[in-house]
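# Fold and contact review
Single-letter residue listing:
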Amino acid sequence: MNKPAGNFTAVPNEALRHLGTDPVPVAPYVDPAYYALEQEAIFKRHWLHIGRVSEVAEPKSYIVRPIEAANASILIVHGSDGEIRAFHNVCTHRGTKLVWDDGGKAASFSCHYHMWNFANDGSLRAVPDQDRFFDLDKKDCGLKRVSLESCAGFLFVNLDPAPAQSLRDFLGPLAEWMEGLAVADATEFTEYTYEVDANWKTLFDNFQEVYHVRWVHDRSLGKRGTGPANPFGYASEYKFMGRHRAMTLWGNPDFQPGEIEAAAARLTFVGREDGGAGIVGSNDFTAFFPNTFLLPRKIGAFTQTVWPLGPERTRSVIRMYWQGEAKTAAEKFAREYAIGSLMDVHVEDRALVEAGQAGLRSGAIDKIRFQSQEAMCRHFINQVMDVVDNYVRATDNSAGATA
Amino acid sequence: MSEAVDLPAGFEALLPFVAHWAKPTRQARLEARLVSSDAALEAFYQAGLPLLEPALAYLDARPDDSDPRNQRLMLMVLALVQAALAVERLGDQEQGHQVSHRYFRYS
């Protein structure tokens with residue numbers, strides 16, 4: 001039975017006017033000095049999604065993740081005592097990077113330089129030739145802790161020594177929403193990464209609007225998300241939640257996929273979308289401030305985290321989380337299709353994002369003109385500029401107070 | 001001596017494609033696509049399309065099978081995804097895609 005294809009009403013301009021209507025400045029997307037402020041104000045002071053509880057499920061298991069924007073390497077380790085902690089991956093002797101691989105299992109970690117040895121709870125266990133040190137108290141020399149909290153199985157770290165908010169307060173209504181999703185129980189994922197010559201916000205913005213989809217993804221998405229009722233594939237709803245935001249993606253009910261795509265779609269949802277009890281997904285494409293997306297569809301919840309590597313270089317980490325291990329050939333095939341088709345879309349975006357950054361870098365334009373359905377981009381830059389302005393004001397005030 | 005390239009009975013039509021496509025990792029299956037001409041992708045797609053559902057049914061009737069022929073058939077089913085993405089979705093944009101695809105890597 002065909003569902004009517006005509007059901008779409010765009011969010012009216014007037015409903016989005018409160019975000020502002022003026023063009024926004026280009027400088028935050030290209031200026032190295034602005035990036036330096038973002039490093040301090042955003043990446044060293046906010047909750048950042050860094051991994052998944054299932055990656056450190058077993059006692060002694062650990063992962064190491066770089067956060068270049070904060071000049072940091074983070075060691076997340078499930079201690080033999082059962083507690084999962086995060087530390088700066090830095091030896092407390094002379095600051096050497098402690099763990100050089102990106103994960104595994106260990107009861108303790110030894111620094112490559114002078115062999116200081118740390119237990120997997122972060123405490124300093126052994127110091128070669130300790131008597132040569134002057135009044136060294138090992139209790140004072142444990143690894144430096146980093147705040148770590150989780151929600152729905154997603155791990156977040158905050159490099160602020162005293163975070164202004166708990167993760168839960170920071171997430172607001174999104175915390176409860178995430179906990180109700182199927183992905184909250186997911187332990188399996190597939191990951192791919194790519195790097196791009198673009199500011200992290202230029203890359204992030206690409207995924208915050210669907211205005212480009214009709215042309216850029218003419219083949220990879222085609223008429224899946226556009227149709228006569230909604231020729232640009234605009235979102236059916238926007239939600240603004242503190243510094244976070246979401247749009248409800250629209251799908252064209254009349255789209256006719258190719259035969260293998262149709263088989264993948266059918267197999268994808270057998271026992272899940274149609275028959276699976278309690279499997280909760282959503283079409284709300286959600287952007288967590290500052291740098292993570294979550295689209296929790298039922299076959300696989302998709303996350304993307306963009307990590308600035310410099311003012312105009314960004315790494316993108318994409319994951320699809322699955323409900324349990326793929327036990328059947330059909331499930332393996334359907335998952336292969338889901339992740340492969342997602343990559344095809346991202347492949348198309350990458351060149352456009354670099355072209356966008358190159359133009360901004362040229363100085364040819366000094367303002368970006370967002371239309372109403374680029375509301376997520378506008379809300380995002382509003383948040384970034386607010387956070388940076390607050391940081392600059394607070395820094396100026398404290399500089400004034402100590403002068 | 002290398003193992004004979006073989007598939008379960010009924011799937012012989014895929015044999016000419018095994019050497020290129022039966023790769024053990026997702027990254028290697030992607031790379032097999034990225035060096036394929038449109039004609040090669042079309043040929044594999046056309047050979048695989050009628051065998052997809054029979055292959056899935058055959059494999060799902062044999063869980064935990066250690067027979068290398070069956071394992072190879074599973075890899076061919078997974079590789080067929082890459083050919084289908086190229087043929088069903090991208091069409092004459094596939095070759096351009098292949099250039100940009102090289103920046104992407106499965107972990």
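That block above? That's the structure.
### Section: the sheet that holds strand β16 (residues 292-296) of chain A
- In space, the 8 strands of this open sheet follow the order β13(A)-β14(A)-β15(A)-β16(A)-β17(A)-β18(A)-β12(A)-β1(B), with antiparallel pairing throughout. Only two strands of the sheet have a single partner each, and these edge strands are β13 (237-241) of chain A together with β1 (105-106) of chain B.
- Bridge count between β13 of chain A and strand β14 (residues 244-248) of chain A: 5 bridges; the pairing is antiparallel. Bridge pairing links phenylalanine 240 of chain A to arginine 245 of chain A in β14 of chain A.

### So, the interface of chain B and chain A
- Taken together, the contact pairs 33 residues of chain B with 33 residues of chain A.
- Interface area lost by chain B to chain A is led by Arg89, Phe104 and Tyr106 of chain B, which between them contribute 25%.
- Linking chain B with chain A are 6 salt bridges.
- Across the pair arginine 26 of chain B and glutamate 336 of chain A runs a salt bridge whose closest N-O atoms are separated by 3.1 Å.
- Across the chain B-chain A interface, the total number found is 18 residue pairs in polar contact (both at pLDDT 80 or more).

### Some words on the side chain of glutamine 357 of chain A
- Checked against the element boundaries, glutamine 357 of chain A lands in helix α9 (residues 329-361).
- A distance of 2.9 Å separates the side chain of glutamine 357 of chain A from the backbone nitrogen of asparagine 199 of chain A, its partner in a polar contact.

### Quick look at the packing of helix α4 (residues 52-60) of chain B against helix α5 (residues 68-90) of chain B
All names here are of chain B.
- Contact geometry for α4 and α5: axes closest at 10 Å, N-to-C directions at 140°. Here α5 runs oblique to α4, going by the angle between their axes. Helix-helix and strand crossings are classified by hand; for α4 and α5 the assignment is left-handed. For the pair formed by α4 and α5, the contact residues are Leu52, Ala55, Leu56, Tyr58 and Leu59 on the first element and Asn70, Leu73, Met74, Val77 and Leu80 on the second.
- Split by residue class, the contact of α4 with α5 holds 9 nonpolar, 1 polar and no charged.

### A closer look at the packing of aromatic side chains
Residues and elements named next belong to chain A.
- Using the criterion set out here, one finds 23 aromatic pairs over all chains in the structure.
- An angle of 80° between the planes, with centres 4.9 Å apart, marks the rings of phenylalanine 43 and tryptophan 200 as edge-to-face. Residue phenylalanine 43 is located in helix α3 (residues 32-43), and its partner tryptophan 200 is located in helix α6 (residues 200-206); the two are separated by 157 residues in the primary sequence. Taken individually, phenylalanine 43 and tryptophan 200 each receive the classification buried, so the pair is uniform in this respect.
- With 5.6 Å between their ring centres and 90° between their planes, phenylalanine 154 and tyrosine 321 make a pair best called edge-to-face. With phenylalanine 154 in strand β11 (residues 154-158) and tyrosine 321 in strand β18 (residues 313-322), the pair connects residues that are 167 residues apart, well separated along the chain. You'll find phenylalanine 154 and tyrosine 321 in the same group, each marked buried.

Reading the values: rules and limits
- Residue numbers restart at each chain and count upward from 1, following the sequence in its written direction.
- Starting at A for chains and at 1 for ligands, labels are handed out in the order in which the entities are written.
- Reporting in this predicted model follows two pLDDT cut-offs: at least 70 for local features of residues, and 80 or more for side-chain atom pairs to be given and counted; totals over whole chains, interfaces and linings ignore these cut-offs and use all residues.
- Computation of side-chain values covers all heavy atoms of the structure but excludes hydrogens and water.
- Should DSSP find at least two bridges between two strands, the strands are taken to pair.
- Runs of E in the DSSP output that reach at least two residues are strands. Runs of H or I that reach at least four are helices, and both are numbered from the N terminus.
- Note on contacts: a residue pair qualifies if any of its non-hydrogen atoms lie within 4.5 Å across the two residues.
- Summed over both partners, the accessible area lost on bringing two parts together, with a 1.4 Å probe, is the buried area.
- For this document, the term salt bridge refers to a Lys or Arg side-chain nitrogen within 4 Å of an Asp or Glu carboxyl oxygen.
- Think of a polar contact as two N or O atoms within 3.5 Å of one another; within protein, one of them needs to be a possible hydrogen donor and the other a possible acceptor, and neighboring residues in sequence only count if both atoms come from side chains.
- For helices, the fitted axis covers only the stretch in contact; all axes are lines through C-alpha atoms, and the angles between them, taken along N-to-C directions, range from 0 to 180 degrees.
- Each angle is binned into one of four classes, with values under 35 degrees roughly parallel, values over 145 roughly antiparallel, values of 65 to 115 roughly perpendicular, and all other values oblique.
- Crossing chirality is assigned from the near helix's rotation relative to the far helix, an anticlockwise turn below a right angle marking it left-handed and a clockwise turn marking it right-handed.
- Polar here means any residue outside two lists: the nonpolar Ala, Val, Leu, Ile, Met, Phe, Trp, Tyr, Cys and Pro, and the charged Asp, Glu, Lys and Arg; Gly therefore counts as polar.
- Paired rings are identified among Phe, Tyr and Trp, the last through its six-membered ring, by centres lying within 6.5 Å, and are further divided according to the angle between planes into stacked (under 30 degrees), edge-to-face (over 60) and tilted (the rest).
- Only protein chains enter the accessibility calculation, which uses a 1.4 Å probe; a residue is then buried when its area is under 20% of its type maximum, exposed when over 50%, and partly exposed in between.

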